[in-house]
Amino acid sequence: SINRVHVDGTKRIAIYSESGSNNIKITNSTISNNQTREAVAIDSTYNSEISNTQFLNNREGAINVYQNCGELKGQVCPVVRSTPSNGNKIIGNTFINNGVTGVQIASRQGRNHALGWCDSLNGLPGKFTDTSINNVVKDNTIRCNQGTGLVLMDGPNEVRNNTIVATDNCVPLEISTGGFPKSKSHLLDGLIVEDNDISSTRPPRLRNVSDKVIFNQ
């Protein structure tokens, strides 16, 4: 567990939960002023929790939840990610001006990869299907003035009772298939987004949303 920790001004990812990790808890902490990539990476990590934590001014985003495609190239590779990021809870946190986004679920959805890069694509070039399901995003407060407050690109997931205040150029919420076209709309099936309080100058961004998605503000 990580409890009552303040991480400030890191040059890379502040906290990285790696392949196969589970039952991780990040609570009652503050993560601020991260400069490159997201502040917290939940990569191939399941049944974990981030709660009662503040994310402040992290330029490239606060939390990304995803299953890495299993990189075959790179400094520490190959690292095959056999576990999707399922069953995680993001509850009761505060996100203020985190640049790209506050929270992204299935943040690698539809990412295009080159020849020889991804184990899940058998090394072939193409777009990767991220899997991040049965996660709960609940009772959070997200404030932003740029980027997107909350991005959802997989289902089923449950997103309830969040407060999103998006000013200036910030899009409060995106529900989409990421880099995939409409033919992949089934990836969002079972996504529930309801009872959220959204105040924004720009509307939510909805793209390739299936009729099996529940979206009520």
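You'll find the structure just up there.
(A) Structural context of the nonpolar core. One finds V40, F55, I63, I90, F95, L150 and L152 to be the most contacted residues of the largest nonpolar core, which totals 29 residues. Listing elements by their share of this core, those giving two or more residues are β6 (40–43), β9 (63–66), β12 (101–105), β17 (148–152) and β20 (171–175). Discounting residues that sit within four places of it in the chain, L152 has contacts with I105, V159, L173, E174, I175, S176, L188, L191 and V193.

(B) Inspection of the state of the cysteines at higher detail. Throughout the structure, instances matching the rule amount to two disulfides. One disulfide bridge connects C69 with C118, the sulfur atoms lying 2.1 Å from each other. Between C69 and C118, the disulfide has an S-S torsion of -75° and is therefore left-handed. A residue pair is termed long-range when its members are at least 10 positions apart, and C69 in the loop between β9 and β10 (89–91) and C118 in the loop between β13 (111–113) and β14 (126–128) qualify at 49 residues. With respect to class, C69 is no different from C118; both count as buried. Between C144 and C170 runs a disulfide, and the two sulfur atoms are separated by 2.0 Å. Taking the sign of the torsion about the S-S bond as the criterion, the disulfide between C144 and C170, at about -85°, is left-handed. A residue pair is termed long-range when its members are at least 10 positions apart, and C144 in strand β16 (residues 141–144) and C170 in the loop between β19 (163–166) and β20 qualify at 26 residues. Each member of the pair, C144 as well as C170, is classed as buried. If you count the bonded cysteines of the protein chain from the N-terminus, they pair up as 1-2, 3-4.

(C) A look at the pairing of β17. Taking burial as the measure, the five residues of β17 include five buried ones, the bulk of the element. Pairing between β17 and β20: four bridges, direction parallel. Looking at β20, one finds that L152 is bridged to I175.

(D) The packing of aromatic side chains, seen in detail. For the coordinates displayed, the defined rule picks out one aromatic pair. Taking 5.0 Å as the distance between ring centres and 10° as the angle between the ring planes, the aromatic pair formed by F55 and F95 counts as stacked. Taken together, the residues span a long stretch of sequence, with F55 in strand β8 (residues 54–56) and F95 in strand β11 (residues 94–96) at a distance of 40 residues. According to the relative accessible area criterion, F95 is buried, its value standing at 0%. Its end group placed over the ring of F180, K184 keeps NZ or CZ at 5.3 Å from the ring centre.

(E) Broad picture of the sheet that holds strand β21 (residues 192–194). One open sheet holds the eight strands; their spatial order is β1-β4-β7-β10-β15-β18-β21-β24, and the pairing between them is parallel. Taken across any chain shown, the strands that pair with only one partner, and hence form the sheet edges, are β1 (2–3) and β24 (214–216). In terms of strand pairing, strand β15 (residues 136–138) meets strand β18 (residues 158–160) through three bridges, oriented parallel. The residue of β18 that forms the bridge with V136 is E158.

(F) Region of interest: the sheet that holds β16. Across the sheet, seven strands lie side by side as β2-β5-β8-β11-β16-β19-β22; this open sheet has parallel pairing. Each edge of the open sheet carries a strand with a single partner, namely β2 (6–8) and β22 (197–200). The average angle at which neighbouring strand axes cross in this sheet is 5°, direction not considered. Relative to β11, β8 is paired through three bridges, and the arrangement is parallel. Its bridge partner being in β11, L56 is matched across the sheet by I96.

What counts, and at which threshold
Residues numbered from 1 in each chain as written. Predicted model: local features only at pLDDT ≥ 70, side-chain atom pairs only at ≥ 80, totals over all residues. Heavy atoms only, no water. Core = buried A, V, L, I, M, F, W, Y, C linked by side-chain atoms within 4.5 Å. Buried < 20%, exposed > 50% of the residue type's maximum accessible area, 1.4 Å probe, protein only. Helix = DSSP H or I, 4+ residues; strand = E, 2+ residues; numbered from the N terminus. Contact = heavy atoms within 4.5 Å. Disulfide = S-S within 2.5 Å. Pairing = 2+ DSSP bridges. Phe/Tyr/Trp six-rings, centres within 6.5 Å; stacked < 30°, edge-to-face > 60°. Lys NZ or Arg CZ within 6 Å of the ring centre and 35° of its normal. Axes fitted to C-alpha atoms, helices over the stretch in contact; angles between N-to-C directions.

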